[in-house]
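Here's the letter readout for the chains.
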Amino acid sequence: SLLLFSPETNQFLAPPLQDQSQASILTESALGHWQDPEGAFWFYTLNDYYYYQPATGELKTLPGIIDAIPIQLAGRFLGFLPGDHDQMLISAADQLWLYQPSSARMLKIFQAANYQPGLNRYADKFSLDPQGVLWFTFRGIGLLGFDSKTMSLRYHFDTENKLLSN
C-alpha cells in the first residue's frame, strides 16, 4: 500500500486523491513500482496497472498493458527510455516491453529464445553506456545490450559466452 509519512505528527497519512472512491487501490499491495522524475508512481496490483501522481492526486489505470502482460507474468516498471518520457520500459517473465502511455501502445522488444515464464526470469535494471547501448540485467538470462535508437538486440552475454553466472 502507499502511505505518506508526516514527520511532524509521526503518523502515516492517506495519500491525496482527486477521486476518493479510488482509495482502496492505494491500499492494495503495490508491485513492480517505479517513481519517475516528476514524483509519479508507476505500479501494478493483482487487478491492473496504474499511474499515481501524489502532487495532484491523479490515479489512473494504464490501458493496454494488461492485454499484453497478464498480472501473473508482470515484472516491474524499469523507467523511461533515455531521452523519451513517452516510452516506458517494462519487464515481464522472459520478456521486455516498451509502453507508450500517450497511445497505450505496447511493443515487445525481447522474448527469451527458450521462453519459460514459469521460471520467473525478469529484467530488473538498465543503464545506457556512452556508445548508445542500453544494457539490461536479466536474472537467469544474462546481460542484454540493445541499440538505444532502434531497440534491436546487439549483445547477449550469458554463461555460455562471457558470464560466470546469469
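Now for a quick tour of the structure. Sequence order as written defines the numbering, with residues in each chain counted from 1. Local features in a predicted model are, by the rule used here, given only for residues with pLDDT of at least 70; side-chain atom pairs are given and counted only at 80 or more, and totals for whole chains, interfaces and linings are based on all residues. As a rule here, side-chain values come from all non-hydrogen atoms in the structure, and water together with hydrogens is ignored.

### Side note on the environment of Ala-23
Counting through the fold element by element, Ala-23 comes out in helix H1 (residues 23–27). Only protein chains enter the accessibility calculation, which uses a 1.4 Å probe; a residue whose area is less than 20% of its type maximum is buried, one above 50% is exposed, and one in between is partly exposed. Assessed through its relative accessible area of 31%, Ala-23 is described here as partly exposed. Between the alpha carbons of Ala-23 and Phe-110 there is a distance of 35 Å; along the sequence they are 87 residues apart. Working definition: helices are DSSP H or I runs of at least four residues, strands are E runs of at least two. Numbering for both runs from the N terminus.

### Comments concerning the pattern of salt bridges
By convention in these notes, a salt bridge is any Lys or Arg side-chain nitrogen within 4 Å of a carboxyl oxygen on Asp or Glu. This model, assessed by the stated rule, comprises three salt bridges. As a salt-bridge pair, Lys-60 and Glu-58 come within 3.9 Å of each other at their nearest N and O atoms. Judged by relative accessible area, which is 40%, Lys-60 ranks as partly exposed.

### Thoughts on the pairing of strand E8 (residues 84–92)
Where strand E7 (residues 74–81) lies against E8, six bridges are found, and the strand directions are antiparallel. Bridging across to E8, Phe-80 finds its partner in Met-88. In textbook terms, the turn of a hairpin is the stretch between consecutive antiparallel strands, and for E7 and E8 this stretch comprises two residues, one of which, Gly-83, has a positive phi near 85 degrees. For two strands to be treated as a pair, DSSP must find no fewer than two bridges joining them. For E8 and strand E9 (residues 95–100), the ladder comprises five bridges, and the chain directions are antiparallel. For Ile-90, the partnering residue across the bridge sits in E9 and is Trp-97.

### Observations regarding the nonpolar core
Remark: nonpolar core denotes a set of buried residues (Ala, Val, Leu, Ile, Met, Phe, Trp, Tyr, Cys) joined through side-chain atoms within 4.5 Å. Residues Trp-42, Tyr-49, Leu-62, Ile-65, Ile-69, Phe-77 and Ile-90 are the most contacted members of the largest nonpolar core, which totals 18 residues. Among the secondary structure elements, those contributing two or more residues to this core are strand E4 (41–44), strand E5 (49–53), E7, E8 and E9. With residues up to four places along the chain from it excluded, the contact list for Tyr-49 reads Phe-43, Tyr-44, Lys-60, Thr-61, Leu-62, Ile-65, Ile-66, Ile-69, Pro-70, Ile-71, Ala-74 and Phe-77. When checking whether two residues touch, look at their non-hydrogen atoms; a contact exists if any pair is within 4.5 Å.

### Brief notes about the environment of Arg-76
Mapped onto the elements of the fold, Arg-76 is located in strand E7. Among the residues examined, Arg-76 registers a relative accessible area of 32% and is labelled partly exposed. Separated by 45 residues in sequence, Arg-76 and Arg-121 have C-alpha atoms that sit 11 Å apart. Those residues in contact with Arg-76 that lie beyond four places of it in its chain are Gly-32, His-33, Leu-89, Ile-90, Ser-91, Ala-123 and Asp-124.

### A few points about the packing of aromatic side chains
Here is the rule: rings of Phe, Tyr and Trp (six-membered ring for Trp) pair when centre to centre is within 6.5 Å. Planes less than 30 degrees apart are stacked, more than 60 are edge-to-face, and the remainder are tilted. Taken as a whole, this structure holds 15 aromatic pairs when the rule is applied. Ring centres of Trp-42 and Phe-77 lie 6.1 Å apart, and the angle between their planes is 50 degrees; this geometry places the pair in the tilted category. Of the two residues, Trp-42 sits in strand E4 while Phe-77 sits in strand E7, which places them 35 residues apart along the sequence. Overall, Trp-42 belongs to the buried group, its relative accessible area being 4%. On the basis of relative accessibility, which here comes to 2%, the residue Phe-77 falls in the buried class. By way of ring pairs, the aromatic residues Trp-34, Trp-42, Tyr-44, Tyr-49, Tyr-51, Phe-77 and Phe-80 are connected into one cluster. Across the ring face of Tyr-51, the terminal group of Lys-60 is positioned such that the distance to the ring centre comes to 5.1 Å. Over a ring means this: the NZ of a Lys or the CZ of an Arg is within 6 Å of the ring centre and within 35 degrees of the ring normal.

### Thoughts on unusual backbone geometry
For residues other than glycine, phi is negative in most cases, and the peptide bonds are mostly trans. One non-glycine residue, Ala-104, lies in the positive phi region at around 60 degrees. Overall, the relative accessible area of 23% leaves Ala-104 in the partly exposed class. A positive phi angle is found at Asn-120, which is not glycine, with a value near 55 degrees. For Asn-120, the location among the structural elements is in the loop between strand E10 (105–111) and strand E11 (123–128). Of the residues examined, Asn-120 reaches a relative accessible area of 41% and is grouped as partly exposed.

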